[in-house]
Amino acid sequence: MDIANKLCEALANVFLELNIEAQSDITIRSATAKKFGDYQVNCIMQIASRLKTPPLLLADRVAACLKKAPALAGVVAKVDVVPPGFINIFLSDDALALMLEAALAGERLGVAKEAPQTVVVDYSSPNVAKEMHVGHLRSTIIGDAVVRTLRFLGHRVIRANHIGDWGTQFGMLIALLEERQQESDGSLSGLEAFYREAKRRDETDAAFAARAREYVVRLQQGDAHCRALWKQLVQITMEQNQHTYQRLNVTLTPQDIMGESLYNPMLPGIVGDLLARGIAEESRGAVVVYLPEYQNKAGEPMGVIIRKKDGAYLYTTTDIACAKYRYETLHADRMLYYIDARQHQHLMQAWAIVRRAGYVPPEVPMEHHMFGVMLDKSGRPFKTREGGTVKLSDLLDEAVFRAGQLVSVRAPHLDPAEQHYLANVIGIGAVKYADLSKNRTTDYVFDWDNMLSFEGNTAPYIQYAHARIASILRRLQVEQVSGPLVISNEKERDLALRLVQFEETLRRVARDGTPHVLCAWLYDLAGAFSSFYAACPVINAQAPAQTASRLKLAALTARTLKAGLNLLGIEAPERM
């Protein structure tokens with residue numbers, strides 16, 4: 001059950017009953033301290049100011065209605081008003097227990113599905129003929145965590161891996177591949193060297209550069225020979241990338257590839273349409289859209305080029321076509337883009353043109369869920385010692401190696417196969433969680449020691465919490481526990497309250513695209529269980545009924561930790 005949403009709905013009905021327009025102002029949040037209850041209504045002062053009413057008087061009226069709200073009967077135990085106008089809501093222990101019983105009995109842990117939408121999520125987006133590097137990590141794993149959460153909540157999610165598989169660089173790559181088809185070893189590292197050689201030749205060999213330009217034209221015109229070589233480059237790249245996705249436990253597949261080339265046939269028609277409707281105009285041989293909402297230093301509307309004077313199209317043109325395709329062909333109700341913050345203005349300009357042209361109606365949101373970059377301990381962009389870009393595969397290898405060293409020290413009794421499994425699960429999980437636990441809008445510092453720690457807000461800490469509960473349940477040989485779940489202790493209640501907030505946490509992640517909210521909640525849940533287990537004897541409880549009740553709390557916590565980690569794309573081992 002989404003308690004926060006239930007309280008918001010009840011509060012909205014109270015304002016209707018009081019004939020107060022307040023729908024857009026309603027906010028309810030989890031209380032920051034126990035003395036403030038379980039939830040707080042903190043919008044009264046804002047509404048009272050608008051109504052020119054004393055906030056304490058308005059809070060008293062609202063609280064009196066909340067106490068009598070039919071939807072909250074049996075759910076809310078107490079409603080307090082605190083100056084200058086806060087309303088504190090305390091949930092009933094019996095209601096908490098019933099919600100936990102329902103969560104334990106169901107496959108979905110009490111989480112209801114939302115009204116389904118078709119959501120297109122654009123994430124990962126590596127380039128062809130280059131190996132994925134650390135710059136691709138955030139887009140890939142943040143996007144995938146949100147995809148998993150949206151799917152769990154019942155939405156139809158279309159993953160869109162917008163790979164860089166089109167452009168002038170393919171002329172030089174095809175030209176060199178044609179020359180040295182027998183020399184390329186077919187590996188991606190070979191292709192990267194191949195890319196550098198093609199670029200060097202293109203810059204120093206005039207005949208080669210002319211041939212490369214010719215191949216770009218032939219490729220764009222559908223020449224069979226050039227298309228075959230281009231497909232070979234794409235296939236080799238994406239086979240290697242798929243291996244990385246599998247290591248990361250990311251759900252992208254080859255079927256999710258929607259590269260720049262997909263939209264290329266649409267570009268002439270879009271430019272022609274924008275010209276015909278007066279949205280675009282010709283300027284010095286190029287085709288430009290002027291946007292009044294973006295101005296240059298002289299205060300004039302900024303011109304966004306959608307076709308250069310040589311006839312070439314730009315990334316903006318592709319992104320216009322991309323949005324149009326996702327609405328008209330994929331029937332998106334919502335579009336999410338996981339692209340770094342540096343691309344924000346570019347996307348906003350492309351979408352301004354999309355909206356002006358009516359390619360995507362205003363009721364269909366296009367959301368740029370931007371993110372910061374990974375930094376080293378000195379606050380600079382994360383690089384190799386030589387200053388080069390860190391390959392993602394090398395980063396994952398290092399994570400597994402370091403985790404393997406930890407496992408060999410902490411669990412020397414395990415056989416080599418299990419140690420190898422744990423090294424991968426802990427190492428990869430640590431890298432992902434270190435990123436996912438940070439607010440995506442900010443940069444973050446990459447620190448091996450912190451991310452692999454078994455203390456603090458880390459993947460190993462939460463994985464260990466799950467394994468510890470699993471061990472307790474195995475030791476007690478718990479299969480099915482009978483008897484009611486009863487909350488009779490402060491630490492039991494703290495744990496129970498965290499557990500019933502699972503659904504509202506997932507809804508926040510799905511709404512805002514913020515996996516760090518789920519990470520923080522899982523960390524709090526693991527901590528709440530630790531405090532509960534220290535204060536509340538399970539095996540040596542005062543009565544068998546109390547043992548059964550506490551075992552239910554433990555079992556539900558284990559299932560919920562595992563489900564939460566799974567939504568982040570992180571495994572929850574049974575033993576550590």
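Residues numbered from 1 in each chain as written. Predicted model: local features only at pLDDT ≥ 70, side-chain atom pairs only at ≥ 80, totals over all residues. Heavy atoms only, no water.

Per an unreviewed UniProt entry, the chain goes by the name Arginine--tRNA ligase and belongs to Pluralibacter gergoviae. Under Sequence similarities (unreviewed entry), UniProt gives the following word-for-word description of the chain: "Belongs to the class-I aminoacyl-tRNA synthetase family." Regarding the chain, the relevant UniProt record gives this comment under Subunit (unreviewed entry): "Monomer." (UniProt positions renumbered as here; feature names shortened; annotations may be inferred.)

K.L.:
Explanation requested: the overall build of the chain in the structure shown.
P.N.:
Along the chain, the regular secondary structure elements total 20 helices and 13 strands. Counting only C-alpha atoms, the chain reaches 85 × 70 × 40 Å along its principal axes. The 576 residues of the chain split such that 51% are buried. Counting contacts in the chain only where the partners sit at least 6 residues apart, residues at least 24 apart contribute 73% of the total. Entry remark: accessible area of the chain is about 26,500 Å², with carbon and sulfur atoms responsible for 50%. Of the charged side chains in the chain, 65 are positive and 65 negative; the average position of the first set lies 3 Å away from that of the second. (Helix = DSSP H or I, 4+ residues; strand = E, 2+ residues; numbered from the N terminus. Buried < 20%, exposed > 50% of the residue type's maximum accessible area, 1.4 Å probe, protein only. Contact = heavy atoms within 4.5 Å. Areas by Shrake-Rupley, 256 points an atom, 1.4 Å probe, with all protein chains shown as cover. Lys, Arg positive; Asp, Glu negative; His and termini not counted. Charge placed at Lys NZ, Arg CZ, Asp CG, Glu CD.)

K.L.:
What exactly am I supposed to notice about the sheet that holds strand β8 (residues 286-295) here?
P.N.:
Each strand in a sheet pairs with its neighbour through backbone hydrogen bonds, running either in the same direction (parallel) or in the opposite one (antiparallel). With respect to topology, three strands assemble into an open sheet ordered β7-β8-β9, the strand pairing being antiparallel. What marks the edges here is a single partner per strand, and that holds for β7 (281-283) and β9 (301-307). Ignoring which end each strand starts from, the neighbouring axes of this sheet average 55 degrees apart. As judged from the six bridges shared by β8 and β9, these two strands associate in the antiparallel manner. Looking at β9, one finds that Leu-291 is bridged to Met-302. Contacting β8 and β9, helix α12 (residues 344-357) crosses the sheet at an angle of about 100 degrees to β8. (Pairing = 2+ DSSP bridges. Axes fitted to C-alpha atoms, helices over the stretch in contact; angles between N-to-C directions.)

K.L.:
Explanation requested: the pattern of salt bridges in the structure shown.
P.N.:
Two side chains of opposite charge can pair, provided their charged atoms sit close to one another. Enumeration over the complete set of coordinates arrives at 31 salt bridges. With a closest N to O distance of 3.0 Å, Asp-273 and Arg-277 form a salt bridge. Notably, a salt bridge pairs Arg-334 with Glu-367, separated by 2.7 Å at the nearest N-O pair. Separated by 33 residues along the polypeptide, Arg-334 in strand β10 (residues 334-337) and Glu-367 in strand β11 (residues 366-368) bring together distant segments of the chain. (Salt bridge = Lys/Arg side-chain N within 4 Å of Asp/Glu carboxyl O.)

K.L.:
What is the right way to read the domain arrangement of the chain from this model?
P.N.:
Size of an interface, as often reported, equals the accessible area lost when the parts are brought together. Annotation of the chain at the domain level lists domain 1 (3-91), domain 2 (168-258) and domain 3 (392-568). For domain 2 versus domain 3, the distance between C-alpha centres works out to 43 Å. Carbon and sulfur atoms make up 56% of the surface buried where domain 2 meets domain 3, a total of about 550 Å² over both sides. Broken down residue by residue, the surface that domain 2 buries against domain 3 is led by Thr-244, Arg-247 and Leu-248, which jointly contribute 89%. Where domain 2 touches domain 3, the interface holds one salt bridge. Note that Arg-247 is salt-bridged to Asp-397, the shortest N-O span being 2.9 Å. Between the two partners, domain 2 and domain 3, sit two residue pairs in polar contact (both at pLDDT 80 or more). (Domains from an automatic or database assignment. Buried area = accessible area lost by both parts, 1.4 Å probe. Polar contact = N/O pair within 3.5 Å; in protein donor to acceptor, adjacent residues only side chain to side chain.)

K.L.:
Please clarify how the sheet that holds strand β1 (residues 28-30) should be interpreted in this entry.
P.N.:
Taken together, the four strands give an open sheet; going across it, the order is β1-β2-β4-β3, and neighbouring strands pair in antiparallel fashion. Two strands lie at the open edges of the sheet, namely β1 and β3 (76-82), each paired on one side alone. When strand polarity is set aside, the average angle formed by the axes of neighbouring strands in this sheet is 25 degrees. Contacting β1, β2 (39-41), β3 and β4 (86-91), helix α1 (residues 3-17) runs over the sheet at an angle of about 30 degrees to β2.

K.L.:
Got a minute to help me understand the pairing of β3 in this structure?
P.N.:
When a strand is regular, its side chains alternate between the sheet's two faces. The pairing of β3 with β4 spans six bridges and is antiparallel. Looking at the pairing, Asp-80 lines up with Asn-88 of β4. Taken together, β3 and the strand that follows it, β4, pair antiparallel across an intervening segment of three residues.

K.L.:
Explanation requested: the UniProt feature "short sequence motif: 'HIGH' region" (unreviewed entry) in the chain in the structure shown.
P.N.:
Residues given the UniProt feature "short sequence motif: 'HIGH' region" (unreviewed entry) here are residues 126-136. Between the C-alpha atoms that bound residues 126-136 there is a distance of 7 Å. The span itself is 0% helix and 0% strand.

K.L.:
Before we go on, may I ask you to explain the packing of aromatic side chains in this structure?
P.N.:
For any pair of aromatic rings, the description consists of the separation of the ring centres together with the inter-plane angle of the planes. The final tally for this structure, using the stated rule, is ten aromatic pairs. When the centroid spacing of 5.5 Å and the interplanar angle of 90 degrees are considered together, the rings of Trp-166 and Trp-230 count as edge-to-face. Separated by 64 residues along the polypeptide, Trp-166 in the loop between β6 (156-160) and α6 (169-179) and Trp-230 in helix α9 (residues 224-247) bring together distant segments of the chain. Grouping residues by exposure puts Trp-166 and Trp-230 together as buried. Relative to Tyr-464, the ring of Phe-454 lies with its centre 6.3 Å away and its plane at 80 degrees, an arrangement referred to as edge-to-face. On the criterion of sequence distance, the pair formed by Phe-454 in the loop between α15 (448-451) and α16 (459-475) and Tyr-464 in helix α16 is long-range, its members being ten residues apart. For Phe-454, a relative accessible area of 17% gives the class buried. Given a relative accessible area of 36%, Tyr-464 falls into the partly exposed group. Pairwise contacts between aromatic rings join Phe-382, Phe-446 and Trp-448 into one cluster. Looking at Lys-324, its charged tip hangs above the ring of Tyr-359, at a distance of 5.1 Å from the centre. (Phe/Tyr/Trp six-rings, centres within 6.5 Å; stacked < 30°, edge-to-face > 60°. Lys NZ or Arg CZ within 6 Å of the ring centre and 35° of its normal.)

K.L.:
How do you make sense of the side chain of Asp-256 when you look at a structure like this?
P.N.:
In this fold, Asp-256 is placed in the loop between α9 and α10 (267-276). Despite its burial, Asp-256 pairs with no opposite charge, the nearest such side chain being Arg-159 at 4.5 Å. Not counting chain neighbours up to four residues away, the residues in contact with Asp-256 comprise Arg-159, Ala-160, Asn-161 and Thr-251.

K.L.:
Could you clarify how one ought to interpret helix α4 (residues 93-105) in this entry?
P.N.:
Turn by turn, an α-helix covers 3.6 residues, leaving residues three or four places apart pointing in a common direction. Between its first and last C-alpha atoms α4 spans 18 Å; for 13 residues at 1.5 Å apiece the expected length is 18 Å, and the two agree. Of the surrounding elements, those touching the buried residues of α4 are α1, β4, α17 (490-500) and α20 (544-567). (Expected span 1.5 Å × (residues − 1).)

K.L.:
In this structure, what is going on with empty space enclosed by the protein? I would like to understand it.
P.N.:
Rolled over the atoms, a probe with the dimensions of a water molecule shows which regions are left empty. All told, the structure shown has one cavity of 30 Å³ or more when counted by the stated rule. What the largest cavity holds in volume is close to 40 Å³. Lining the largest cavity we find Asn-161, Met-238, Gln-242, Tyr-245, Leu-252, Thr-253, Pro-254 and Ile-257. Split by residue class, the lining of the largest cavity holds five nonpolar, three polar and no charged. (1 Å grid on protein atoms, 1.4 Å probe; cavity = no way out; pocket = protein on both sides within 12 Å on 5 of 7 lines; lining within 4 Å. Points joined across faces, edges and corners; volume = space filled by probe spheres on them. Nonpolar A, V, L, I, M, F, W, Y, C, P; charged D, E, K, R; others polar.)

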